[in-house]
Amino acid sequence: MEQPLLDAGIIKTLCEHAHSLNAGLRINSLWALKHIVNCDEKSLVDNNLRKRVLEELEPGWLVQLISDDIADEEALQQIRGRSSWRAKDADDDEDMDAPESTSYDETESAPGGTWTWPALSRVCMPLPPRLQQSLQRLSALRDAELNPVRRARNDSLDIQEQAISFIRNFLSIPEEESQPELVDFIFSEIGQDRLFGILADKLRRRVVGGLSRRSRSSSTTGASGSSSNNESAVTFYPQPRVVENIIWVLCHIAAARPQHRQLVLAQKELLRRLSEHFDSCDVGVRRALVQLFENLSWSDGDMENAACQQRAREIEQMGFLEKLKVLEQSDVDKDVRARAAGAVGQLKAPGAGSS
């Protein structure tokens, strides 16, 4: 990566695009910026360049990109609308005199005349179960591509993923003496409590729709209301790609200094929400979790052994040692099992493996 090229205005242009109203530009600009601030053994990036990128991007805007969820209420309405449409379609099918009727609603056909389920089902009933399932899957894929609410939610998740990944790469640095400097810089620019609060919020399951606790209480004591007030809620779960990047941000913070490890361990609510992801189907999430607790149980030397032992006791009391043992013994991924064994060994003998 040629730094003179970056100094010529590419950073400024990318940061401007990251503020664009166009979701695609924001996603691709953040993707490019996160690679600019990334550092590995082959690509050493000056800390001043990293800081300049963050300042140009604007920390407040980065926080907004992470925090901004596309309205879940809109997604819920879309789900309910689709359910109502399917119910209506089923009623229409029952009223049909002949299954071989060739009439269909053009709104149910894809551009170019490709028929979708249930439009095709109206002219081809009965269909074999396997073909019905295939048509339903194709219809779901088409809905994901053409449904504006789904597209907006996917764009929102992509932006959140890239924004959190930017912080992950910003803090990822092989030079131990420089990492604490970058962690402290992030804290000063975003705010320590604010950053941890945002990350914890991203791990929260969002329940949308239904009655609030106060509304439920009122409805049970008052007169009976309409059935529309008792609509079921829909739960939106945190996506693995977002969860994995959050964990790696915490890993890099914990890799800085002993006080940073203690700071991460003090985020009880955040850690409680992370505990729900030890059985994640995503191997990247499980691998990141193991690395986090390996970092939290690390000791910088004999002078830090007492503090390390205290952290190990806290980790065990919160139940994470048992969860790591489960990964060590039964995870399907060999790398996760090996990493978990290392983390369990450190927690059982805190400070023994430090140099």
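Above this text you will find the structure in question.
Let us look at the structure shown here. Each residue is numbered by its place in its chain's sequence as written, counting from 1. Selection of residues for local features in this predicted model requires a pLDDT of at least 70, selection of side-chain atom pairs for listing and counting requires 80 or more, and totals for whole chains, interfaces and linings are taken over all residues. Each side-chain value is derived from all of the structure's non-hydrogen atoms; neither hydrogens nor water enter the calculation.

**Observations concerning the overall build of the protein chain**
At step 1: The secondary structure listing takes helices from DSSP runs of H or I that are at least 4 residues long and strands from runs of E that are at least 2 residues long, numbered from the N terminus. Each helix and strand in the protein chain was counted, giving 18 helices and 4 strands.
At step 2: We call a residue buried when its accessible area falls under 20% of the maximum for its residue type, exposed when it is over 50%, and partly exposed in between, using a 1.4 Å probe and counting protein chains only. Every one of the 355 residues in the protein chain was classed for burial, and the buried ones make up 44%.
At step 3: Summarising the internal contacts of the protein chain: among those between residues at least 6 apart in sequence, 74% fall at separations of at least 24.
At step 4: When the accessible surface of the protein chain is totalled, it reaches about 19200 Å², and 49% of it is carbon and sulfur. Should any heavy atoms of two residues lie within 4.5 Å, those residues are considered in contact. The accessible surface values rely on the Shrake-Rupley method and a 1.4 Å probe; as for residues, cover is taken only from the protein chains in view.

**Quick look at the environment of Asp158**
At step 1: Tracing the chain through its elements places Asp158 in helix α8 (residues 148-171).
At step 2: In this structure the C-alpha to C-alpha distance between Asp158 and Ile27, which are 131 residues apart in sequence, comes to 6.6 Å.
At step 3: Excluding residues that lie within four positions of it along the chain, Asp158 makes contacts with Ile27 and Arg241.

**Brief notes about the pattern of salt bridges**
If the charged atoms of two oppositely charged side chains come close together, the side chains can form a pair.
At step 1: Salt bridge, as applied in this entry: a Lys or Arg side-chain nitrogen positioned within 4 Å of an Asp or Glu carboxyl oxygen. What the rule picks out here adds up to 17 salt bridges.
At step 2: A salt bridge links Glu314 to Lys268; its shortest N-O distance comes to 3.2 Å. Here Glu314, found in helix α16 (residues 305-317), pairs with Lys268, found in helix α14 (residues 268-274); they are 46 residues apart in sequence, far enough to count as distant.
At step 3: Since its relative accessible area comes to 14%, Glu314 is described here as buried.

**Re the side chain of Glu161**
At step 1: As for its position among the elements, Glu161 is in helix α8.
At step 2: Looking at Glu161, the relative accessible area reads 18%, which means it is buried.
At step 3: Polar contact is defined as a pair of N or O atoms within 3.5 Å, subject to the rule that within protein one atom must be able to donate a hydrogen and the other to accept it, and that residues adjacent in sequence are counted only when both atoms are side-chain atoms. Here Arg241 takes part through its side chain, which lies 3.3 Å from a polar atom of the side chain of Glu161.

**A look at the environment of Glu328**
At step 1: Secondary-structure assignment places Glu328 in helix α17 (residues 320-330).
At step 2: A relative accessible area of 29% places Glu328 in the partly exposed class.
At step 3: Setting aside residues up to four positions removed in sequence, Glu328 forms contacts with Arg337, Ala340, Ala341 and Val344.

**Topic: helix α9 (residues 179-190)**
At step 1: For a helix, the expected span equals 1.5 Å multiplied by the residue count minus one. Taking 1.5 Å as the rise per residue, α9 with 12 residues should run 16 Å; its terminal C-alpha atoms sit 17 Å apart, in good agreement.
At step 2: Check the buried side of α9 and you find it contacts α3 (47-57), α4 (59-67), α8, α10 (192-202), α12 (240-254) and α13 (258-265).
At step 3: Positive backbone phi, at 105°, marks Gly191, one or two positions downstream of α9.

**Details of the environment of Arg26**
At step 1: On the secondary structure map, Arg26 appears in helix α2 (residues 23-36).
At step 2: Once the C-alpha coordinates of Arg26 and Ile159 are considered, the two residues, 133 residues apart in sequence, prove to be 7.0 Å apart.
At step 3: In this structure Arg26 touches His17, Ala18, Ser20, Leu21, Trp61, Leu65 and Ile159, once residues within four positions along its chain are discounted.
At step 4: At a separation of 3.2 Å, a polar atom in the side chain of Arg26 contacts the main-chain carbonyl oxygen of Leu21.

By themselves, these observations are geometric and do not establish any function.
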